[in-house]
Amino acid sequence: MKRFPYREIVFGLEDSLVSTLGVVVGIAAGTDSRYLVVLSTIVVVVVESLSMTAGTYLSNKSQIELDLASGKLGFPNRRHLTSESISDSLFMGISYLLGGVISVLPFLFFPPLSAIIPAVLLSVVVLFSIVYIKGKIAKISPLRSGLEMSLVSLAAALLAYLIGIFARNNLMRI
């Protein structure tokens, strides 16, 4: 029976929320341009979701091939394994896309500099919730897991903000 791809969903959402939040905050701080924030987000999220999809497929396929070669797996139906790899990779890509949409939403409704705080709050709340639920399912400290991932996300957003400010003050002449 096919397992549900929790790993791919959680990984796709977490990775996208952290990286997309960094992109939108950095671009907003550096340019104060809604157009550039939204365009950059679309490009990054689409390209990264395709990359994550392909990477998941190739990684799963390689693992299956190694397990077959080493005898860790019997002789399962290759079509079933390929189908499972495709399914997992699609869950990864779709999850990545969803995470990216969450981070950019405030920029569709507010001016870029005003959207930074709502984007950070929305992304961190969603990220905390995902990791909290994962912690409950995995029977590990959900609060600690949620706080840890929230801090990682906040650190990435702060670094992106500082890079954006630096770029605005020092690179606009290029």
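Conventions used here
- Residues numbered from 1 in each chain as written.
- Predicted model: local features only at pLDDT ≥ 70, side-chain atom pairs only at ≥ 80, totals over all residues.
- Heavy atoms only, no water.
- Helix = DSSP H or I, 4+ residues; strand = E, 2+ residues; numbered from the N terminus.
- Buried < 20%, exposed > 50% of the residue type's maximum accessible area, 1.4 Å probe, protein only.
- Contact = heavy atoms within 4.5 Å.
- Areas by Shrake-Rupley, 256 points an atom, 1.4 Å probe, with all protein chains shown as cover.
- Lys, Arg positive; Asp, Glu negative; His and termini not counted.
- Charge placed at Lys NZ, Arg CZ, Asp CG, Glu CD.
- Core = buried A, V, L, I, M, F, W, Y, C linked by side-chain atoms within 4.5 Å.
- Phe/Tyr/Trp six-rings, centres within 6.5 Å; stacked < 30°, edge-to-face > 60°.
- Salt bridge = Lys/Arg side-chain N within 4 Å of Asp/Glu carboxyl O.
- Patch = residues over 30% accessible without salt bridge, like charges linked within 9 Å, V, L, I, M, F, W, Y side chains within 5 Å.

A. Structural detail: the overall build of the chain. Secondary structure summary: the chain contains five helices and zero strands in total. Ordered by position from N to C terminus, the α and β elements of the chain give α-α-α-α-α. Projected onto its principal axes, the C-alpha coordinates of the chain cover approximately 60 × 40 × 25 Å. Across the 174 residues of the chain, 40% fall into the buried class. A fraction of 76% describes how many contacts in the chain between residues 6 or more apart in sequence connect residues 24 or more apart. Accessible surface for the chain amounts to roughly 10200 Å². Of this, 71% is attributable to carbon and sulfur atoms. Here the chain holds 14 positive side-chain charges and 10 negative ones, and the gap between their average locations is 2 Å.

B. Main features of the nonpolar core. One finds Leu 21, Val 24, Val 25, Phe 107, Ile 116 and Val 120 to be the most contacted residues of the largest nonpolar core, which totals 14 residues. At the level of secondary structure, the elements contributing two or more residues to this core comprise α1 (6-31), α3 (78-109) and α4 (112-138). Non-local contacts of Val 120, meaning those with residues more than four positions away in its chain, are made with Leu 21, Val 25, Leu 154 and Ala 157. Membership of the second largest hydrophobic core comes to 10 residues, among which are Ile 9, Val 10, Ile 102 and Leu 127.

C. Structural context of the side chain of Thr 56. Here Thr 56 lies in helix α2 (residues 34-70). Dropping the residues within four chain positions of it, Thr 56 is found in contact with Glu 8, Asp 88, Ser 89 and Met 92.

D. Seen up close, the packing of aromatic side chains. Evaluated as defined, the whole model comprises three aromatic pairs. Taken together through their ring pairs, the aromatic side chains of Phe 4, Tyr 6 and Phe 91 make up a single cluster.

E. Representation of the pattern of salt bridges. In this structure the tally under the stated criterion is one salt bridge. Put simply, Arg 7 and Glu 8 hold a salt bridge, and the shortest N to O gap is 3.7 Å. The exposure class assigned to Glu 8 is buried, which follows from its relative accessible area of 1%.

F. The arrangement of a nonpolar patch on the surface in detail. On the surface, a cluster of nonpolar side chains totalling about 790 Å² of accessible area is made up of Phe 4, Tyr 6, Phe 91, Tyr 132, Ile 133, Ile 137, Leu 143 and Leu 147. Among the elements of the structure, α4 and α5 (142-170) are those that each provide at least two residues to the nonpolar patch. In terms of residue count, the dominant contributor to the nonpolar patch is α4 (three residues). Position of Ile 133 among the secondary structure elements: in helix α4.

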